[in-house]
Every structure is written in structure tokens, then in C-alpha cells.
Amino acid sequence: MTRIVNSGMGDGGGRMSDAGEPAIDLERVGRSFDGRSILKDVNLRIGRGELFGLLGPSGSGKSTLIKLIAGIDKPEGGRIRVLGRQVPSLALLSNIGYMAQSDALYGELSAKENLQFFGAMFKLPGARLAERLEAALSTVGLSSDAGKPVARFSGGMKRRLSLAIALLHEPELLILDEPTVGIDPVLRVSIWSSLLALRERGTTILLTTHVMDEADRCDRIGLIREGTLTAVGSPAELKAESGASTIEEAFIRLGGEKR
Amino acid sequence: MRVRALTLRICRQFIRDKRTLALLFVAPLFILTLVYFIFGGSGSPPKIGAVGLPNAIVSGLEASADVVDYGSWDEALEDLRGQDLDAVLALRSGKPALLLEGSDPSRSRAVLLAVSALQRQSASQALQPEISYLHGKAGMSSFDSFGPVMIGFFSFFFVFLLAGVAFLRERTTGTMERLLATPIRRQEVVLGYLCGFGVFALAQAALIACFAVYVLGMYMTGSIWLILLVNLLLTLTALTLGTLLSAFAGSEFQIIQFVPIVIVPQAFFSGLFPLDGMSPWLHKLTYLMPLYYGGDALRGIMIRGEGFGGIAADIAVLVVFSLSFAALNVVALRKQRAI
Ligand SMILES: Nc1ncnc2c1ncn2[C@@H]1O[C@H](COP(=O)(O)OP(=O)(O)OP(=O)(O)O)[C@@H](O)[C@H]1O
Ligand SMILES: [Mg+2]
């Protein structure tokens with residue numbers, strides 16, 4: 001499935017609107033640590049404007065896969081193309097918003113200063129930065145805490161700030177590693193509606209989650225187990241395939257048996 | 001723009017970390033002051049026991065030593081054993097005999113100096129050489145002599161530690177990975193670090209140098225600007241070396257482990273201690289030690305008043321060190337991100 005990419009935003013290196021190619025295209029991707037194979041032969045295509053959820057037990061390799069796609073880590077084998085470009089590529093990084101599983105923030109700086117710093121990394125000009133800063137902060141509900149040093153933030157506030165940083169430069173592709181962990185239900189609803197709104201505007205979103213109702217809201221989900229993609233499809237398809245009534249059941253049934 | 005933002009960020013982080021700031025700025029001054037009080041004076045005059053010496057000799061000795069009269073050799077020996085005396089001078093069967101306590105070479109030297117001064121006094125005036133100094137001055141303390149090297153050493157040591165730990169912490173807290181998920185270039189990262197820390201390194205160098213010269217009155221004939229230049233280059237070398245080595249450390253503790261391997265040998269080879277007696281092949285090791293060049297240049301400026309021409313070679317080597325460490329840093333960041 002492909003959605004029409006919202007182009008003409010004129011940021012950084014310009015939107016890469018080669019809409020013909022999928023947003024993410026993995027071919028036989030593998031990665032191992034210390035001789036232990038963590039990802040095996042992963043093939044995956046994610047269309048433009050798709051909201052794709054990656055599900056799998058802890059330690060199954062979700063974060064590893066996400067880092068490969070974000071261009072932070074290098075695969076041992078296979079081919080990764082993102083937004084029509086071979087990974088790794090510096091130009092590509094300006095079009096990706098990445099949120100790591102563990103918050104990587106500068107504790108001595110305030111939320112606003114953190115955002116300003118990352119804004120500068122993406123070369124956002126002053127006026128746009130100011131405007132985006134406000135928008136990103138209000139999306140995650142941190143506007144009133146913007147001046148506080150991050151070291152004094154709660155866990156959930158840090159998580160939200162990490163998300164704000166990923167959203168800051170309005171990237172074409174959002175890669176979010178467990179974005180809603182530690183965020184209260186009310187905020188989670190509002191963050192999800194922001195994500196859905198972004199998707200409506202053509203942003204491709206790849207996220208990992210352990211929360212089943214979040215998985216249910218994705219266009220498609222991929223189940224990963226011990227480094228292998230065991231099933232990919234829309235929530236409805238996966239439920240039908242496994243004969244389960246909830247995604248949770250499908251997850252448990254499809255997780256292990258296949259292959 | 002990115003380099004500027006990175007520089008600004010490092011400065012902000014630094015300024016808000018009061019304790020580290022204190023370590024960088026107060027600790028060197030504290031140690032330098034201690035060193036000044038320990039080595040700054042010319043030391044107390046040696047204490048010499050005199051046994052049956054003529055008055056003329058005793059008063060001659062008193063010019064440069066504390067002289068205590070003893071009735072018998074055995075009494076004096078007793079006190080020498082008890083370390084109340086540094087030496088005993090006696091006339092034994094018509095000839096003067098000097099017995100030194102001998103456990104502290106610097107005290108022994110002071111005694112010998114006093115005794116030889118005595119010999120000079122008795123020689124004819126016509127043979128007395130007129131003494132003047134090409135560099136330095138009479139009564140220059142050891143603090144004046146190795147002070148310049150200490151200035152360089154402090155700049156090097158503290159910046160090495162701080163930069164190493166700061167860079168490492170970026171890696172262990174994941175902020176480095178996060179930073180490298182943005183389109184920043186690896187050389188921009190290294191350059192940003194150089195600038196951010198450079199600001200503080202320069203401020204530290206200026207503070208240490210000014211404190212040593214204007215407050216402690218360290219002997220200084222050259223240009224303070226040259227001192228700052230050398231110090232800055234030295235700290236840039238320390239910075240790039242520290243960040244480079246932090247790539248091979250997994251924790252703050254492992255950074256500390258570099259101190260005995262990287263810093264301490266440099267102190268030995270930096271000119272704080274004379275190396276002439278060392279075997280020649282070992283002596284060649286000095287050429288690998290950035291601190292040697294820094295110390296050499298700082299000494300040249302402060303004691304011999306050398307201008308830029310005199311220290312150009314040292315400066316060139318320091319620049320080469322910094323540049324190559326910085327380049328290696330850029331390469332080492334490949335470990336974090338392939339591009
Ligand atoms: N840098 C690394 N060095 C060695 N092993 C690693 C490294 N990173 C990940 N692993 C291993 O890879 C496997 C997958 O880790 P990964 O972080 O991708 O799991 P995950 O699916 O994200 O789990 P979780 O849901 O808990 O976040 C784990 O067994 C982990 O031990
Ligand atoms: Mg993970």
C-alpha cells in the first residue's frame with residue numbers, strides 16, 4: 001500500500017519524494033553480536049505513509065532491527081533501502097526522526113535547550129525552529145516544563161521529550177522504539193492521535209510496542225521472534241490467519257509456531 | 001551551525017556542573033600553590049656540628065649554615081645519628097674531616113655547598129671568578145625551574161581526564177548514538193568537542209599561567225601570549241588524546257586506568273626530572289610524549305625568554321599530535337556509525 005507523500009515542505013535536504021519505492025525495503029538482512037546471530041534473513045517492505053508496528057518478545061531483536069534501519073548500526077548481510085536510498089547515508093538521516101528505546105538526553109540542559117540543540121543538528125533555521133519547538137513540546141504536553149533541566153524530569157517526561165526531539169524536524173520517516181513506555185493513558189491517547197495525524201499527512205511511522213491495543217491501531221504489524229520475522233500483516237489479517245479473536249492471542253499463536 | 005551548537009551545548013553542560021568546573025580551575029591552582037610552598041624557598045640552611053674548629057672557620061661556615069659547637073666527636077656523632085645534624089665537621093689529626101648524615105641528597109648537597117664556599121673564601125681574591133647567569137638568576141628556586149613544566153602538566157592532566165570522561169559518558173548514556181542518528185558529520189562531532197572544550201582549556205591555561213607568574217611570582221622572562229599558545233596546544237593534544245582513548249574504555253573507572261599508563265610516564269619524560277643518565281634508546285621515548293614538547297617550549301619561554309622562533313619546532317610537533325589524534329578520533333567514531 002502506498003499513500004501520497006506530502007511533499008513541498010522544503011526542509012533540510014528536501015523531501016525525498018521518490019514515491020515509487022517503499023519507505024523501507026529490507027532484503028535478507030542479518031546481524032549478529034559476538035558470533036551470536038540476532039537477526040536472521042529479515043525481509044520486509046514498508047510502504048510510504050504506513051504506520052507499521054513491530055511486535056515481539058523482549059530480546060527478540062526489535063531494537064537491533066530498528067537501529068539497522070535508522071542507519072546507526074550496520075548489517076552483516078543483506079540490503080537496506082530507506083526512502084529510496086541505500087543505508088547508511090548522511091542525507092537520509094535528515095529525513096528520519098529516531099527515538100531510541102532508552103532516553104538519550106542532556107540532563108544538564110533544559111528541555112528547550114535539548115530541542116534547540118537537536119534542531120541545530122538538523123539545521124532548522126531560527127524561525128522554523130521556534131515554531132517547531134512549540135509544536136513538538138505541545139504535542140507531548142511539555143510546554144509548561146520547557147525551561148526545566150531534564151535531570152529533574154520524571155521518566156515519562158523524558159520519554160515525551162525524546163519523542164518531541166524525533167518529531168522536531170518533521171521527518172518523512174519516524175522510527176520510534178517503544179515510544180509510549182512510561183507515559184500515562186491520557187497522554188498516550190493524545191500522542192497516538194498526533195501519530196495518526198502525522199500518518200494522515202503522509203509520514204511513514206515504524207514503531208515497536210508491547211502494548212496490544214497500540215498494535216491494533218497500526219496499519220500492519222510484524223511479529224518478530226528470535227530474530228526472525230514470523231508474520232507480517234494487518235491486525236485483521238493476523239487475527240484471521242491464526243484464528244484468534246484478539247491481537248494478543250494472535251501474537252502468542254503466531255509468535256512461535258511458524259517456521 | 002552544528003559545530004557551534006555542539007560547542008554551545010558543551011559549554012552549557014560544563015558551566016552547570018559546578019564541581020567539575022572547580023576541578024578544572026581550582027584544583028590546579030591549589031596544587032601549584034602547594035608545590036610553590038614545598039619547592040619555592042631555597043630550603044633551610046644545613047645544620048653542621050663543629051668539633052674543635054677554629055673561630056675563623058666557624059664564622060665562615062655560618063654564612064651559609066647553622067653551626068652548632070660540640071665538645072667532643074662522640075657527642076656530635078650522637079646527634080648526627082639522631083638526625084639533629086646534617087653533618088659534622090671536625091679537625092682530626094690536623095686535617096678537616098666532614099661526615100655527612102647522607103640520607104637526603106639535597107641536604108648533603110647543601111652541606112657540601114657551604115663547605116666549598118668556605119674553601120673559596122680562603123683562596124686568594126684574585127682567583128675568585130665573577131659569577132653571572134646566561135639564563136635565570138642567582139637564587140632561582142627549583143619551583144622556578146620546573147614550574148613551567150608543571151603548568152603544562154596540569155593543563156594536560158585535567159583536560160585529558162575531563163574530556164575522556166565526558167566523551168565516554170556520551171557513549172555510555174547513549175547520547176552519542178542519539179547524536180549520530182542526526183545528520184551530523186563525524187568530523188563535526190570532533191570539531192565541536194575541540195571548540196567546546198577548547199574554550200575551557202584556554203581559560204584554564206590562562207588562569208594557571210597568570211596565577212603562577214603574577215601571584216606566585218614564578219620566574220618568567222618571555223611572552224605570556226606564547227605561554228598561552230603552547231598551553232592551548234598542549235590541552236588540545238590532551239583533549240584529542242583523551243577522547244580518542246575513551247573509545248577504548250568501557251567506564252569512567254577504565255579512563256582512570258589510563259592515568260598510570262599515559263599520564264605518569266609523560267610526567268617522567270616531561271623534563272621534571274633530568275633524563276641525561278637514561279640509556280639512549282629509552283631516551284628516545286621522550287619524542288613520543290606530547291608533554292615533553294610542551295614542557296620544553298614552556299621552559300624555553302619562561303626561563304630563557306625564547307620567542308616564537310625558538311619554540312616553533314615544539315609548536316609544530318604539538319600541532320601534529322593534535323591533528324593526528326583528532327583525525328584518529330574521526331576514524332574511531334566509525335565504530336559508532338559507519339558514515
Ligand atoms: N550491542 C550489543 N552487543 C551484544 N548483544 C546485543 C547488543 N545489542 C543487542 N544485543 C542482543 O541482541 C538481542 C536482541 O536485542 P534487542 O535490543 O534488539 O531486543 P528487543 O527486541 O529490542 O528487546 P526489548 O523488547 O527488551 O527492547 C538480545 O539478546 C541482546 O542481548
Ligand atoms: Mg528494544
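Computed from a predicted model, the values in this text were never measured in an experiment. (Residues numbered from 1 in each chain as written. Chains lettered and ligands numbered in written order. Predicted model: local features only at pLDDT ≥ 70, side-chain atom pairs only at ≥ 80, totals over all residues. Heavy atoms only, no water.)

**Some remarks on the overall build of chain A**
- Helix and strand counts for chain A stand at 9 helices and 10 strands.
- For 259 residues, the compact-globule estimate of 2.2 N^0.38 gives 18 Å, and the C-alpha radius of gyration of chain A, at 18 Å, lies within 12% of that figure.
- Counting only residues that meet the buried cut, chain A has 58% of its 259 residues in that class.
- Carbon together with sulfur atoms contributes 50% to the accessible area of chain A, which is approximately 10200 Å² in total. (Helix = DSSP H or I, 4+ residues; strand = E, 2+ residues; numbered from the N terminus. Rg over C-alpha atoms; globule rule 2.2 N^0.38 Å. Buried < 20%, exposed > 50% of the residue type's maximum accessible area, 1.4 Å probe, protein only. Areas by Shrake-Rupley, 256 points an atom, 1.4 Å probe, with all protein chains shown as cover.)

**A short note on the overall build of chain B**
- When helices and strands are counted, chain B shows 14 helices and 4 strands.
- Its C-alpha atoms give chain B a radius of gyration of 26 Å, clearly above 20 Å, the size a compact globule of 339 residues would have.
- Across its three principal directions, the C-alpha atoms of chain B cover 90 × 40 × 40 Å.
- Taken over 339 residues, chain B has a buried fraction of 49%.
- Partitioning the intrachain contacts of chain B with sequence separation of at least 6 by distance along the chain shows that 72% fall at a separation of at least 24. (Contact = heavy atoms within 4.5 Å.)

**Here's the deal with the sheet that holds strand 10 (residues 228-233) of chain A**
Residues and elements named next belong to chain A.
- An order of 6-7-8-3-9-10 is seen for the 6 strands of this open sheet, with the pairing classed as mixed. Since the sheet does not close on itself, it has two edges, and those belong to strand 6 (96-99) and strand 10, each with one partner. When the angles between neighbouring strand axes are averaged without regard to direction, this sheet yields 15°.
- Strand direction decides the pairing type here: strand 9 (residues 220-225) and strand 10, joined by 5 bridges, are antiparallel. Bridging across to strand 10, G222 finds its partner in V232.
- Each of strand 6 and strand 7 (173-177) touches helix 5 (residues 155-167); the most contacted strand, strand 6, lies at about 170° to it.
- Here helix 6 (residues 185-200) sits on the sheet in contact with strand 3 (51-55), strand 7 and strand 8 (204-208), set at roughly 145° to strand 8. (Pairing = 2+ DSSP bridges. Axes fitted to C-alpha atoms, helices over the stretch in contact; angles between N-to-C directions.)

**Digging into the interface of chain B and chain A**
- Contact with chain B, which involves 25 residues of that partner, is made by 28 residues of chain A.
- Summed over both partners, the interface of chain B with chain A comes to about 2600 Å²; 67% of that surface belongs to carbon and sulfur atoms.
- Across the salt bridge formed by E177 of chain B and K67 of chain A, the nearest N and O atoms sit 3.6 Å from each other.
- For the pair chain B and chain A, the interface holds 7 residue pairs in polar contact (both at pLDDT 80 or more).
- Class assignment for the residues of the side of chain B that touches chain A results in 10 nonpolar, 6 polar and 9 charged. (Buried area = accessible area lost by both parts, 1.4 Å probe. Salt bridge = Lys/Arg side-chain N within 4 Å of Asp/Glu carboxyl O. Polar contact = N/O pair within 3.5 Å; in protein donor to acceptor, adjacent residues only side chain to side chain. Nonpolar A, V, L, I, M, F, W, Y, C, P; charged D, E, K, R; others polar.)

**Digging into the packing of helix 6 (residues 142-172) of chain B against helix 8 (residues 186-215) of chain B**
All names here are of chain B.
- Two elements in contact, helix 6 and helix 8, have axes separated by 10 Å at closest approach and are oriented at 150°. Put simply, helix 6 runs roughly antiparallel to helix 8. For helix 6 against helix 8, the interelement crossing comes out right-handed. Each of I151, F154, S155, F158, V159, L162, A163, A166, F167 and E170 in helix 6 lies in contact with helix 8, whose residues at this interface are V189, Y193, F197, A201, Q204, A205, I208, A209 and A212.
- In terms of residue class, the contact of helix 6 with helix 8 is built from 16 nonpolar, 2 polar and 1 charged. (Parallel < 35°, antiparallel > 145°, perpendicular 65-115°, else oblique. Left-handed = near helix turned anticlockwise from the far one by under 90°.)

**Observations concerning the pattern of salt bridges**
All names here are of chain A.
- In total, this model carries 26 salt bridges over all chains according to the counting rule given.
- Ionic pairing is found between E76 and R31, a salt bridge with its closest N-O pair at 2.8 Å. Pair noted here: E76 is in the loop between helix 1 (62-70) and strand 4 (77-82) and R31 is in strand 1 (residues 24-33), with a separation of 45 residues, a long-range link.
- A salt bridge links R188 to E214; its shortest N-O distance comes to 3.5 Å. Highlighted residues: R188 in helix 6 and E214 in helix 7 (residues 212-216), separated in sequence by 26 residues.
- With relative accessibility at 2%, the residue E214 sits in the buried group.
- Among the charged side chains, a network of salt bridges with common partners joins D25, E27, R45 and R79.

**Things to note about the coordination of the magnesium ion (ligand 2)**
- Coordination of the magnesium ion (ligand 2) by the protein is provided by S63 of chain A (OG) and Q101 of chain A (OE1), with metal-donor distances spanning 1.9 to 2.0 Å. Remark: Q101 of chain A occurs in the loop between strand 6 and helix 3 (111-121) and S63 of chain A occurs in helix 1; sequence separation between them is 38 residues. (Donors = N, O, S within 2.8 Å, 3.2 Å for Na, K, Ca; no water.)

**A closer look at the confidence of the model for chain B**
- Summarising the model, chain B shows a mean pLDDT of 86, and 96% of its residues fall at 70 or more.
- For this predicted complex, the interface confidence comes out at an ipTM of 0.86, alongside a pTM of 0.83. (pLDDT = per-residue confidence, 0-100.)

**Here we look at the site of ligand 1**
Residue and element names in this part refer to chain A.
- Around ligand 1 sit 15 residues in total, of which S58, K62, S63, T64 and Q101 are the nearest.
- Taking S58, its side chain carries an N or O atom lying 2.6 Å from an oxygen atom of ligand 1.
- Take S60: an N or O atom from its main chain is 3.2 Å from an oxygen atom of ligand 1.
- For the shell around ligand 1, the secondary-structure elements that each account for two or more residues are strand 2 (36-46) and helix 1.
- In terms of residues, the shell around ligand 1 owes the most to one element, helix 1, which gives 3 residues.
- Its residues assigned to classes, the shell around ligand 1 comprises 3 nonpolar, 8 polar and 4 charged. (Near = heavy atom within 4 Å.)

**Some points on helix 6 of chain B**
Residues and elements named next belong to chain B.
- Compared with the 45 Å implied by 1.5 Å per residue over 31 residues, the 43 Å span of helix 6 between its first and last C-alpha is a close match.
- Residue P148 marks the point of greatest curvature in helix 6, where the axis turns by about 40°.
- Summarising burial for helix 6: 25 of the 31 residues are buried, a large majority.
- Of the residues one or two after helix 6, G174 is the one with positive phi, at around 85°. (Expected span 1.5 Å × (residues − 1). Bend = angle between axes of the 7 residues up to and from the residue.)

**So, the pairing of strand 10 of chain A**
- Most of strand 10 of chain A sits inside the fold, with 5 of its 6 residues counted as buried.
- Taking the residues that link successive antiparallel strands as the turn, the strand 9 of chain A-strand 10 of chain A hairpin has 2 residues, and the phi of E226 of chain A there is positive, at about 45°.

**So, the pairing of strand 4 (residues 95-100) of chain B**
All names here are of chain B.
- Both strand 3 (residues 87-92) and strand 4 contribute to a ladder of 6 bridges, which runs antiparallel. Counterpart to L91 in the pairing with strand 4 is P96.
- Following strand 3, the chain reverses through 2 residues before pairing antiparallel with strand 4; S93 in that reversal takes a positive phi of roughly 45°.

**A closer look at the sheet that holds strand 4 of chain A**
Residue and element names in this part refer to chain A.
- Sheet architecture is open: 4 strands sit in the order 2-1-4-5, paired in antiparallel fashion. One side of each edge strand has no neighbouring strand; the edge strands of this open sheet are strand 2 and strand 5 (85-86).
- Taken strand by strand, helix 1 contacts strand 1, strand 2 and strand 4, and its axis lies near 125° from that of strand 1.

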